[in-house]
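A closer look at the structure
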Amino acid sequence: MVLTVPQAPDSEIHLYSRCGGERGAMITTLLEGNKRFVSETFEKEKEFFITLAKDQKPTVLWIGCSDSRVPVNTITQTRAGEVFVHRNVGNIVANNDWNLSAVLEFSINHLQIPDIVICGHYGCGGIHALVNENSDDKYIPIWLSNAYKAKERVDEKIAALHIEMDPELRMNLIVEENVRLQLEHLQEYPFVRKAMTDKKLKIHGWVYDMGNGEIKVVKMSGQPGG
Ligand SMILES: [Zn+2]
C-alpha cells in the first residue's frame, strides 16, 4: 500500500496501523475518526445534520460494488442524505435477493427516487472471481452465477472476432457487460418497469475507473447513453 498524500506528523501511527501493522487498530481509528467528525464536522454543520435527521429525500439509488475503493460519496462528491445506497459483491441485481428487492421497493414506492445507477468498476474482485473459477469458496460462486451471462456474452463476441484479446481488456469488457446485464435484471421487477413506463424512473449504467478516478457511462443496447 503506497500513501503519497502529505500527512500531519501525528498521523504517522494511523498510517502504520492502516497498513496492517497492529491488529484491531483500525477499529480504534474508526471510533477516533467519529469523535473528530462530531467535534469538527457535525458541530460546524449542526443545522444541516439536525434537519437531515428529521427526514431523508435522496434522489438517486446507487447499486454499487462492496469494494472499499469505490466509496460513492467520495467519488461523486455528494453529501449525507443525497444518495440511497445498496452495495454487494459485483454490483449484482438478483431477483431472488430480498435485501435488494426491499431496497428497490422502498426507493421507488416510498422515497420516489427518480434515478437508479448501477455502477461497476474496473479491477473488480468479484468479476475476477467470476472469470477465474478455481476457489473452494462456497457462497461467492453461487452469488456470481448472477453475472455469468456477462462473461459468456463477451467471450462469444471475442470468439466471433477471431482475435487474441488482452486479458485485462477482456476483464474490462466483462465489467461493462455485467453492468448492462444487471440493468436488464433490474427491469425484470414489474414495479421497476412500471415506474419506467410511467416516466417516473430512469436507470443508468456506469463504470468507475480506479486508475484515474473517472466514471464512464456504459451505453445500453438500443439507447444512446446510460
Ligand atoms: Zn468490485
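Each value, and the rule that gives it
Residues numbered from 1 in each chain as written. Predicted model: local features only at pLDDT ≥ 70, side-chain atom pairs only at ≥ 80, totals over all residues. Axes fitted to C-alpha atoms, helices over the stretch in contact; angles between N-to-C directions. Helix = DSSP H or I, 4+ residues; strand = E, 2+ residues; numbered from the N terminus. Parallel < 35°, antiparallel > 145°, perpendicular 65-115°, else oblique. Left-handed = near helix turned anticlockwise from the far one by under 90°. Contact = placed C-beta atoms within 7 Å. Nonpolar A, V, L, I, M, F, W, Y, C, P; charged D, E, K, R; others polar. pLDDT = per-residue confidence, 0-100. Pairing = 2+ DSSP bridges. Core = buried A, V, L, I, M, F, W, Y, C linked by C-beta atoms within 7 Å. Buried ≥ 20, exposed ≤ 12 C-beta atoms within 10 Å, placed from the backbone.

Some details on the packing of helix H8 (residues 148–161) against helix H9 (residues 167–186)
- Where H8 contacts H9, the axes come no closer than 8 Å and their chain directions differ by 125°. Relative to H9, the element H8 lies oblique. Considering how the two elements wind past one another, H8 and H9 form a crossing that is right-handed. On the side of H8, the interface is formed by Lys149, Ala150, Lys151, Arg153, Val154 and Ile158, while H9 contributes Arg170, Leu173, Ile174, Glu177, Asn178 and Leu181.
- Classifying every residue of the contact of H8 with H9 gives six nonpolar, one polar and five charged.

Regarding the confidence of the model for the protein
- Confidence in the prediction of the protein, expressed as mean pLDDT, is 90, and 88% of residues score 70 or more.
- Across residues 1–17 the pLDDT falls below 50, and counting only partners more than four positions away or on other chains, this stretch makes 10 contacts in the model.

Some details on the sheet that holds strand S5 (residues 215–217)
- Overall, mixed pairing links the five strands, which are arranged S2-S1-S3-S4-S5 in an open sheet. Both outer strands of the open sheet, strand S2 (83–88) and S5, are each paired with one neighbouring strand and no more. When strand polarity is set aside, the average angle formed by the axes of neighbouring strands in this sheet is 25°.
- Across the face of the sheet, H9 comes into contact with strand S3 (115–121) and strand S4 (202–208) while running at roughly 150° to S3.

Thoughts on the nonpolar core
- Among the nonpolar cores identified, the biggest contains 36 residues, and Ile63, Val117, Ile118, Cys119 and Val207 are the most heavily contacted of them.
- For this core, the elements supplying multiple residues, two or more each, are strand S1 (60–65), helix H5 (98–110), S3, helix H6 (125–131), H8, H9, helix H10 (190–197) and S4.
- If you tally residues by element for this core, the top one is H9, at seven residues.
- Setting aside anything within four residues of it in sequence, one finds Val117 in contact with Val60, Trp62, Ile63, His204 and Trp206.

As for the environment of Glu214
- The topology assignment puts Glu214 in the loop between S4 and S5.
- Once the C-alpha coordinates of Glu214 and Thr76 are considered, the two residues, 138 residues apart in sequence, prove to be 9.6 Å apart.

Here's the deal with unusual backbone geometry
- In this structure, Gln112 takes a positive phi of about 50° despite not being glycine.
- Relative to the elements of secondary structure, Gln112 occurs in the loop between H5 and S3.

Considerations on the pairing of S4
- As defined by bridge partners, S3 adjoins S4 across seven bridges and the pair is classed as parallel. Bridging across to S4, Gly120 finds its partner in Val207.
- Direction of pairing for S4 relative to S5: antiparallel, over a ladder of three bridges. Note on S5: the bridge partner recorded for Trp206 is Val217.
- In textbook terms, the turn of a hairpin is the stretch between consecutive antiparallel strands, and for S4 and S5 this stretch comprises six residues, one of which, Gly213, has a positive phi near 80°.

A word on the environment of Val154
- If you trace the backbone, Val154 turns up in helix H8.
- Since 22 C-beta atoms lie within 10 Å of it, Val154 is described here as buried.
- Note: C-alpha distance between Val154 and Leu173 (19 residues apart in sequence) is 6.7 Å.
- Setting aside residues up to four positions removed in sequence, Val154 forms contacts with Arg170, Leu173, Ile174 and Glu177.

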